[in-house]
Amino acid sequence: MKRKLGGLIALAVIILSAALLFKPLPAAPKVTFMTLDGQTLTTEDFRGKVWLVNFWATTCTTCVKEMPALAETYRKFSPQGFELVAVAMNYDPPNYVAAFAKARELPFTVALDAKEEVAQGFGGVRLTPTTFLIDQKGRIVQQYLGEPDFAKLHRLVATLLAKPN
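Here goes a summary of the coordinates provided. Since the model is a prediction, treat every value here as computed from it, not as a measurement.

### Overview of the overall build of the protein
Line of reasoning, step 1. The secondary structure content of the protein amounts to five helices and seven strands.
Line of reasoning, step 2. Helices and strands in the protein line up, N terminus first, as α-β-β-β-α-β-α-β-α-β-β-α.
Line of reasoning, step 3. Within the protein, the proportion of its 165 residues that are buried is 41%.
Line of reasoning, step 4. For the protein, the share of sequence-separated contacts (at least 6 apart) that also reach a separation of at least 24 residues comes to 68%.

Listed below in structure tokens is the structure:
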């Protein structure tokens, strides 16, 4: 009886594990980004690309610390079609964001989220940095709270970019 119960528990664990492993990836929300230069981009503009959405603030020390690594990530993978959008939180004054981006020569798209619509679309982001990696099919592959392990992130980006659309 104990062996039968143990076997049933083991089977249940295997089934639950398989269900978690093969859970479909969530779709990135349909949002509109307003860039520093006044351009409007939507989630659909990134369809077919691997891209990163990074929520940050000029007052966030971890955000400021990770910006050079984000720039390096963008420079490394952008020739292969990789995109990156850094979304400044709604409480960050636009002139601070613009000055930061200019002073650090950020090579990727910087967007403002004045009405909090992008943060709300991505599940109500409040903590910075929060980053989402999205695949060519528009699915969220990974979410990072805090600074990502950039070596692991680079491996994952390279793997995604190697996959056909």
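After that view, the rundown keeps rolling.
### A few points about the environment of glutamate 147
Line of reasoning, step 1. Turning to its location among the elements, glutamate 147 is positioned in the loop between β7 (140–145) and α5 (150–162).
Line of reasoning, step 2. For glutamate 147, a relative accessible area of 31% puts it in the partly exposed group.
Line of reasoning, step 3. Spatially, the C-alpha atom of glutamate 147 lies 7.9 Å from that of threonine 130, the residues being 17 residues apart in sequence.
Line of reasoning, step 4. In contact with glutamate 147, not counting residues within four places along its chain, are Thr62, Lys65, Glu66 and Pro129.
Line of reasoning, step 5. Reaching out from glutamate 147, the side chain makes a polar contact with the side chain of lysine 65 at a distance of 2.7 Å.

### Focus on the pattern of salt bridges
Line of reasoning, step 1. Applying the stated criterion across every chain, the model contains six salt bridges.
Line of reasoning, step 2. For lysine 30, the salt bridge is made with glutamate 44, and the minimal N-O distance between the two is 3.8 Å. Taken together, the positions of lysine 30 in the loop between α1 (2–21) and β1 (32–35) and glutamate 44 in the loop between β2 (40–42) and β3 (51–56) put the pair 14 residues apart, joining distant regions of the chain.
Line of reasoning, step 3. With a relative accessible area of 72%, lysine 30 lands in the exposed category.
Line of reasoning, step 4. According to the relative accessible area criterion, glutamate 44 is partly exposed, its value standing at 43%.
Line of reasoning, step 5. Note that arginine 47 is salt-bridged to glutamate 44, the shortest N-O span being 3.8 Å.

Rules used throughout
- Residues numbered from 1 in each chain as written.
- Predicted model: local features only at pLDDT ≥ 70, side-chain atom pairs only at ≥ 80, totals over all residues.
- Heavy atoms only, no water.
- Helix = DSSP H or I, 4+ residues; strand = E, 2+ residues; numbered from the N terminus.
- Buried < 20%, exposed > 50% of the residue type's maximum accessible area, 1.4 Å probe, protein only.
- Contact = heavy atoms within 4.5 Å.
- Polar contact = N/O pair within 3.5 Å; in protein donor to acceptor, adjacent residues only side chain to side chain.
- Salt bridge = Lys/Arg side-chain N within 4 Å of Asp/Glu carboxyl O.

Function-wise, these values are silent; they only describe arrangement.
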